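Structural features, examined
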Amino acid sequence: MDFDFSADAIALRDSIHRFLMVEAAPEMLREIWETASGRSAALRAKLADQGLTALSVPESHGGMGLGDLEWVLVQYELGYYAIPDSLSDTAYLAAHLLQHLPNGAAAKQDWLPRIASGQVRVAVGHPVNRLVADAELADLLLLWHADEIHALRRDQVQLAARTSIDASRRLFEVRWTASDATRICSAQAGAALWQAVHDRATVALAAQLLGLAQRMLDLGIDYAAQRKQFGKPIGSFQAVKHQLADVAVKIEFARPVLHRAAYALAEQQPLASIHASQAKLACGEAALLAARKSLQVHGAMGYTWEADLQMFMKRAWALDASWGDRSFHKARLAEHVLADGVRLGPGETFAIPEPAARATRAVRSATA
Amino acid sequence: MDFDFSADAIALRDSIHRFLMVEAAPEMLREIWETASGRSAALRAKLADQGLTALSVPESHGGMGLGDLEWVLVQYELGYYAIPDSLSDTAYLAAHLLQHLPNGAAAKQDWLPRIASGQVRVAVGHPVNRLVADAELADLLLLWHADEIHALRRDQVQLAARTSIDASRRLFEVRWTASDATRICSAQAGAALWQAVHDRATVALAAQLLGLAQRMLDLGIDYAAQRKQFGKPIGSFQAVKHQLADVAVKIEFARPVLHRAAYALAEQQPLASIHASQAKLACGEAALLAARKSLQVHGAMGYTWEADLQMFMKRAWALDASWGDRSFHKARLAEHVLADGVRLGPGETFAIPEPAARATRAVRSATA
Amino acid sequence: MKLTYTASQQAFRKEVRSWLARHVPKQPLKSFDTAEGFAEHRAWEAKLHSGRWSAVTWPESVGGRGCDLIEWLIFEEEYWRAGAPLRVNQNGVFLLAPTLMEFGTEAQKQHFLPRMASGEHIWAQGWSEPGAGSDMAAIRCAAERVDAPSGSYYLINGQKTWSTRAVWADWCFGLFRTEAGSTRHHGLSFVLVPLTLPGITIRPIRQLNGLTGFAEIFFDDVKVPAEHLLGEEGSGWNVAMATAGFERGLMLRSPARFQATAKALVELYRSRRASADRDPSIRDAVVSSWMQAEAYTLSTYNTASRLVQGGSIGPEASTNKIFWSELDLLMHETAMRILGQDGELMDEPPAAGEHGWLDGFLFAQAGPIYAGSNEIQRNIIAERMLGLPRA
Amino acid sequence: MKLTYTASQQAFRKEVRSWLARHVPKQPLKSFDTAEGFAEHRAWEAKLHSGRWSAVTWPESVGGRGCDLIEWLIFEEEYWRAGAPLRVNQNGVFLLAPTLMEFGTEAQKQHFLPRMASGEHIWAQGWSEPGAGSDMAAIRCAAERVDAPSGSYYLINGQKTWSTRAVWADWCFGLFRTEAGSTRHHGLSFVLVPLTLPGITIRPIRQLNGLTGFAEIFFDDVKVPAEHLLGEEGSGWNVAMATAGFERGLMLRSPARFQATAKALVELYRSRRASADRDPSIRDAVVSSWMQAEAYTLSTYNTASRLVQGGSIGPEASTNKIFWSELDLLMHETAMRILGQDGELMDEPPAAGEHGWLDGFLFAQAGPIYAGSNEIQRNIIAERMLGLPRA
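Please read these numbers as outputs of a predicted model, since none were measured by experiment.

Definitions and limits used
- Residues numbered from 1 in each chain as written.
- Chains lettered and ligands numbered in written order.
- Predicted model: local features only at pLDDT ≥ 70, side-chain atom pairs only at ≥ 80, totals over all residues.
- Heavy atoms only, no water.
- Pairing = 2+ DSSP bridges.
- Helix = DSSP H or I, 4+ residues; strand = E, 2+ residues; numbered from the N terminus.
- Phe/Tyr/Trp six-rings, centres within 6.5 Å; stacked < 30°, edge-to-face > 60°.
- Buried < 20%, exposed > 50% of the residue type's maximum accessible area, 1.4 Å probe, protein only.
- Domains from an automatic or database assignment.
- Contact = heavy atoms within 4.5 Å.
- Buried area = accessible area lost by both parts, 1.4 Å probe.
- Salt bridge = Lys/Arg side-chain N within 4 Å of Asp/Glu carboxyl O.
- Polar contact = N/O pair within 3.5 Å; in protein donor to acceptor, adjacent residues only side chain to side chain.
- Nonpolar A, V, L, I, M, F, W, Y, C, P; charged D, E, K, R; others polar.
- Axes fitted to C-alpha atoms, helices over the stretch in contact; angles between N-to-C directions.
- Parallel < 35°, antiparallel > 145°, perpendicular 65-115°, else oblique.
- Left-handed = near helix turned anticlockwise from the far one by under 90°.
- Arc of directions from axis to C-beta.

Now for the sheet that holds strand β6 (residues 170-175) of chain A. All names here are of chain A. Strand order in the open sheet formed by three strands is β2-β6-β5, and the pairing between neighbours is antiparallel. Looking at strand neighbours, the two that pair on one side only are β2 (132-133) and β5 (158-163), the edges of this open sheet. With six bridges joining them, β5 and β6 adopt antiparallel strand pairing. Looking across to β6, one finds that Ala 160 is bridged to Glu 173.

Okay, here's the thing in structure tokens:
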């Protein structure tokens, strides 16, 4: 029983943390928010330099061959710094889809090395989302059609931009036509792949939400320690202390839930989807509470565009409802917990249920 | 538009308040709690002396002929002082049932004058309650059977006592046999009467719960002002202040909801049941919050038998689930609010809906 | 107790309803936090005034209808029921006007009230300063009285912030320190300042939603004629407290507003029930929202009926503020949960009659903060209403 | 990261499960807050000891099995899974023992630990005093050292209160003021006191549920041999803080306890679903309870695995306390909502395997209060973990 990440993963996390602290200051985020595309080629190039685009591309395709456990740490940092980029969609989700395509798919050879080298952006259109993020700048779009996977270039789709409250999200309605030429994976093999991608996106967002929660807490602490009212720092008042302490408790108890979900993905456990939903709910709850309480501690200042807090709040609100909103994930949890014959209670936390193992085998064969 | 009670009603409330302050000190409650019957003939006699048993018995039967508006004020006081007696069942609920029996029922003549004079106790067995309160000392039991009303003397029923956490409640399983001889009202006329009694019991408990909430708040305030920790009264700490302030807010906003419900009963409005449910939910929520927060403010002392708080908490917990628990009343509210064509929103608060007026007429004819 | 409307109240409701049905703009106005929207809203105030609906509780002599609080509540119900525009001059009509009527000279009343009613003067607030937010007695912005031959004036220097409506408003009211060296709530005066005076610089503050609902005001040797002092010099704290009482109290947020939101929430839930019910706590939150909006309405009618009969406002001021601000958050958070991934879209066209949920959600975030934070309100309740000892 | 059990851990689980299956009493014991129940529970401690299960984390030399924390968690899981009795000697085994092992002399360890393991000594706590609850440094109960020819002893005078288990316990541990005139956390010493000594009067305190789970202890010239000092004289605060750390931390409430409750809650909901679903928020609370019990379990395994690898306990001590006490309240309040009118009945026979919900509900009320109130815990989190300034 060991909850620690490998020393290499920790080193990766630490280096990304230090890198983003310098390269992704709030002022830079503001600048990128205000650009037309909402994306910075320079930032993407730096992320690629750090090796992040290559993270989970197999070594055979020019990548580092790392996996879900490394990603969960990286995603947390992407959340903490509210990085406005499609890195996760490209280098985690699309890379996962592509590398697990049934053997012989040309798309693997075409795209994985270019993902690894940071040359391309890939957008993923999953049916749980009504809109597709980052479609405009995408070189490739991987789109769901009746469980099939279709690959389209940017010029093969029509886009209509939609505006999110979070200016770091760039969302699009996508019109396109499915054809034999665009299909790169059958529905039979595709179903499990789309599920695997959804689970990864769920954990990725959970990690980002937890990073956002911690950032909003940190912003609240800083403000409360500096701002004075009635001759004292407001952070010395119990009413402020206790609100921030509650956020800290939520974050502390979401973290191991998140890490377990990433582990379940990495191990392809049959309950990985359940664990992913639980992680997104726990981390989302921490982020929403952090937003509310940090805003309250900031007072009117928190309600301004000038204060950094707003960028993190908006991102938290938006991500919480993305890749399945709270209702979606709660329904999935409830179905599991309230089912006949489910094993709950002391001693069952790390047990691997038998019956669902079939589903796992299906995923494995689909990805073999 | 006038929310004020009549001067007479206020005077009655004030005199009962002063009376109970003297006659129903916590030490006396403790004594009664510990008796076998849980009831005090002396206390009942004093309540009768105050005119409370005669309150809503018609003047033609030796009573004062008052109604729901006076009762809601009295019930609040009964709650505030946690009076361990079946006064409400006898003099409010049973008196209501009996006086609205179709003309000619002998039971009216037999029992109403004796209720008014304080000679008898009457228990009411409504199907929403699994057990019958105060059956053991009852001279008369009014029992539901397929919407009929049956009247039985104590020696016509068999009782099995059950133990409530609230020692001021005496609950019984009642075994009895319905017969033509025991029936005093047909199902046709009975249905509306049972409904009217349920609504009145709901508002009565709501009022008691609000009185309990205020009492628990007052106990918390007293304790917080006296008890010192770290060299200061604990009531000077924000963490304590804010918990008690939240209770005060809940109480303030439950009170007009309660008074409106009593008014709707008095006016036989078609939405009286809905208003009654809302009152019980609002007052119950205030009482549960007051229990939790006052206990927290009391610390370990609140967890003892010695501290008065426990008597009020237990009563609040028990009453909140009686005559329809929260789920029951919430379901009734939801059905109303979410129905097709219901009139909600600005300007509708005091509107009397048309269609349901038929039901009211039914009650009126049943009680004519 | 009598919870019914009189015939005359019913007739009043009919009259309001009928006027609004004819005049409420068919298309929603632009936000009054934009230049264009501000002008549209000012025109709407003038339109209201043309029907004598802009300040119904004022005496007829200054443009009102002499309505009592029950009629005011009826007016508000019809106003929100009709989906009429937000009131750009709320600061003036609901906050400043009662203070003016209580403390103003006859000349001040005759000058300001009609212009306020007609929308000619739109008023901004000037309470907070960078170092004086929740702690309003920490105000430092100075107004030095100068008695010049050409007439006495106050020379104002300093800064105000979080000044609602100040970006496009004509006038601002607020507290200034007229006695140099005084501290806390001593030596303050309540002054009315034309925002067009030389020496005034207004820096808009961009809000969460990107618009500029409030501003910083910088005063650099601004000369305000002495007749714009409201109440006595040095008694500004008492004058302001009366305003703050109104602000937190009855008229800041009429129950109709929350009833309209609750109704919209019920409709939103009903229209998306299949997806919303995947999280069963949503239905509970919807029904609870409706109940709380009803409770707020009943409580307000209760207070209003007491005031109409000559009673005085009690601790409702502070309990109200907490109740409606938390209710507003609950309703909008619940709506966002129902909307799911549609919630984040700023360009989502609302369905027929649908509430602007995202805008409302953002605005609701400010509720527990402005007009005295809820933490301050809880202190007030604990100390003044419950009698707990000060720290 | 590796979230699986080793073969030896699995074997250990099997061994625990098999022993418990054979020995856990078929009928629940009476409450240990009654004389008869106390005796039954003491006998159960002895039975546990006979299988070497009463203190699995202790070294074998003093009656334990040298288990690490992961094995301890496994033991707890099986213990709660089997529905085994509550531990009457929790104060001793989980709170005092770690302190004894760290600060005790060899003689003290050899004397006390085996007797604790066997149930011969049941321990009570002696922290709080009437004027020293949350503010433990306000302790006044005096222990004056007297060096007599017949041997040194402490002369104890004063009072302790809220002393858990003290009504029937054999020993009590606690803090006493050994330096007259000292203040706050100076001049305190940690002393072990036999409750049978002359001059000791124990007054049971009746709890909410009518039973006597704690007591006041009055000391009137009580002579405690000096060898019962634990740690150095005057260093009691440090010794006690180590105990308090354990108390609030990992071992006070094992996750298995809450998982067992969560499981029972799911079963209760399923068995009464038709009526419970009338309030749809109940289902949400049930699922949320399960999720939080899982989160608490994962968090504890996370901490335990770090400690096993030589790491140290962090701010978990305070966050844990808040989390489990609020979860316990949530679960029992939800159960009471499901039970409705059946909830108040003290004589309701639980259905097969059903939890004693009313008892649990009452006990859960104490959670946010004892072992350092949740208000104190939030202060600690804010000041020590988040670095916010002291008041």
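Now that the structure has been shown, the text picks up again.
Residues and elements named next belong to chain C. Applying the stated rule across the entire model yields 68 aromatic pairs over all chains. Seen from their ring centres, Phe 258 and Trp 324 are 5.9 Å apart, and the 20° between their planes marks the pair as stacked. Remark: Trp 324 occurs in helix α10 (residues 316-339) and Phe 258 occurs in helix α7 (residues 255-271); sequence separation between them is 66 residues. Trp 324 gets classed as buried once you look at its relative accessible area, which sits at 1%.

With that out of the way, let us pick up the domain arrangement of chain C. The figure often quoted for interface size is the accessible area lost as the parts come together. Residue and element names in this part refer to chain C. Domain annotation of chain C identifies domain 1 (7-122), domain 2 (124-240) and domain 3 (253-385). Here the C-alpha centroids of domain 1 and domain 3 sit 23 Å apart. With twelve residues of domain 1 at the contact, the number on the domain 3 side is 13 residues. Interface area for domain 1 against domain 3, summed over the two sides, is near 990 Å², with a carbon-plus-sulfur share of 73%. The tally of links between domain 1 and domain 3 comes to zero salt bridges. Across the contact surface, domain 1 and domain 3 share two residue pairs in polar contact (both at pLDDT 80 or more). Looking at the side of domain 1 that touches domain 3, the element that brings in the most residues is helix α3 (residues 69-81), giving eight residues. Of the residues assigned to the side of domain 1 that touches domain 3, the class counts are seven nonpolar, one polar and four charged.

Positive phi, close to 75°, is recorded for Asp 147 of chain B, a residue that is not glycine. Mapped onto the fold, Asp 147 of chain B is located in the loop between β3 (140-145) and β4 (148-153). In this model, Arg 165 of chain C sits at a positive phi of 70°, which is unusual for a non-glycine residue. Counting through the fold element by element, Arg 165 of chain C comes out in the loop between β3 (151-164) and β4 (171-177).

With that settled, the discussion passes to the interface of chain C and chain B. Facing 51 residues of chain C, the contacting portion of chain B comprises 45 residues. For the pair chain C and chain B, the summed buried surface comes to about 4700 Å²; carbon and sulfur atoms form 68% of the total. Counting across the interface, chain C meets chain B through five salt bridges. On inspection of chain C and its partner chain B, the count reaches 19 residue pairs in polar contact (both at pLDDT 80 or more). Where the side of chain C that touches chain B is concerned, the elements lending two or more residues are α1 (7-23), α3, α7, α9 (281-308), α10 and α12 (374-385) of chain C. In terms of residue count, α9 of chain C provides more of the side of chain C that touches chain B than any other element does, 15 residues in total.

A separate point is the pattern of salt bridges. For the structure shown, the criterion picks out 98 salt bridges over all chains. A salt bridge links Asp 180 of chain A to Arg 183 of chain A; its shortest N-O distance comes to 2.9 Å. Note on Asp 180 of chain A: relative accessible area 60%, which makes it exposed. The partly exposed category is assigned to Arg 183 of chain A, whose relative accessible area is 32%. With a closest N to O distance of 3.6 Å, Arg 332 of chain B and Asp 199 of chain B form a salt bridge. With Arg 332 of chain B in helix α11 (residues 326-337) and Asp 199 of chain B in helix α7 (residues 187-226), this residue pair connects regions lying 133 residues apart in the sequence. Assigned by exposure class, Arg 332 of chain B and Asp 199 of chain B land together as buried. Among the charged side chains, a network of salt bridges with common partners joins Lys 250, Glu 285, Asp 320 and Arg 326 of chain A.

Residue and element names in this part refer to chain A. At their nearest, the axes of helix α9 (residues 272-298) and helix α10 (residues 309-320) sit 10 Å apart, and the two run at 150° to each other. Relative to α10, the element α9 is oriented roughly antiparallel. As α9 packs across α10, the resulting crossing turns out to be left-handed. Where α9 abuts α10, its residues Lys 280, Gly 284, Ala 287, Leu 288, Ala 291, Ser 294, Leu 295 and His 298 lie against Leu 309, Met 313, Ala 316, Trp 317, Leu 319 and Asp 320. For the contact of α9 with α10, a count of residues per class yields nine nonpolar, three polar and two charged.

Looking now at the sheet that holds strand β7 (residues 183-185) of chain A. Residue and element names in this part refer to chain A. With respect to topology, four strands assemble into an open sheet ordered β1-β3-β4-β7, the strand pairing being mixed. Edge positions in the open sheet fall to β1 (122-125) and β7, since each of these has one partner strand only. If you compare each strand with its neighbour and ignore which way they point, the axes differ by 30° on average. In terms of strand pairing, strand β4 (residues 148-153) meets β7 through two bridges, oriented antiparallel.

This next bit is on the interface of chain B and chain D. Taken together, the contacts link 39 residues of chain B with 46 residues of chain D. For the chain B and chain D pair, buried surface summed over both sides reaches about 3500 Å², with 54% attributable to carbon and sulfur atoms. Among the residues of chain B in contact with chain D, Ile 165, Tyr 303 and Trp 305 of chain B are the three that bury the most area, contributing 21% of the side total. On inspection of chain B and its partner chain D, the count reaches seven salt bridges. In this structure, the salt-bridge partner of Arg 169 of chain B is Glu 344 of chain D, at a minimum N-O distance of 2.7 Å. Across the chain B-chain D interface, the total number found is 23 residue pairs in polar contact (both at pLDDT 80 or more).

Turning our eyes to something else, we now look at the pairing of strand β5 (residues 188-194) of chain D. All names here are of chain D. The buried fraction of β5 is high, at seven of seven residues. Examined bridge by bridge, strand β4 (residues 171-177) and β5 share seven bridges and lie antiparallel to one another. Following the sheet pairing, Gly 174 is matched in β5 by Val 191. Note that β5 and strand β8 (residues 229-230) share two bridges and pair antiparallel. Bridging from a neighbouring strand, Val 191 pairs with Leu 229 of β8.

Right, let's talk about the pairing of β4 of chain C for a bit. Residue and element names in this part refer to chain C. Where burial is concerned, most of β4 is hidden: seven out of the seven residues are buried. Both faces of β4 are covered, namely the face carrying Trp 171, Phe 173, Leu 175 and Arg 177 and the face carrying Cys 172, Gly 174 and Phe 176. Note that strand β1 (residues 123-126) and β4 share four bridges and pair parallel. Counterpart to Gly 126 in the pairing with β4 is Gly 174.

Once that is clear, we can look at the side chain of Arg 169 of chain B. Mapped onto the fold, Arg 169 of chain B is located in the loop between β5 (158-163) and β6 (170-175). Polar contacts involving the side chain of Arg 169 of chain B include one to the side chain of Glu 344 of chain D, which spans 2.7 Å. Once residues lying within four places of it in the same chain are set aside, the contact partners of Arg 169 of chain B are Arg 39, Ser 164, Arg 315, Ala 318, Leu 319 and Ser 322 of chain B together with Glu 344 of chain D.

Another aspect to go through is helix α3 (residues 41-49) of chain B. Residue and element names in this part refer to chain B. Those residues of α3 lying buried are Leu 43, Arg 44, Leu 47 and Ala 48. Projected down its long axis, α3 carries its buried residues within an arc of 140°, all on one side. Facing away from the buried side of α3, by more than 90 degrees, are the exposed residues Ala 41 and Asp 49. The inward-facing, buried residues of α3 contact α1 (7-23), α2 (26-34), α5 (87-99) and α6 (106-117). At the N-terminal boundary of α3, the capping side chain belongs to Ser 40, with an oxygen 3.3 Å from the backbone nitrogen of Ala 42. Once α3 ends, the next one or two residues include Gly 51, with phi positive near 90°.

This brings us to the environment of Ile 184 of chain A. Residues and elements named next belong to chain A. Residue position: Ile 184 is located in strand β7. On the accessibility criterion, Ile 184 (24% relative accessible area) is partly exposed. Along the sequence, Ile 184 and Gly 347 sit 163 residues apart, while their C-alpha atoms lie 43 Å from each other.

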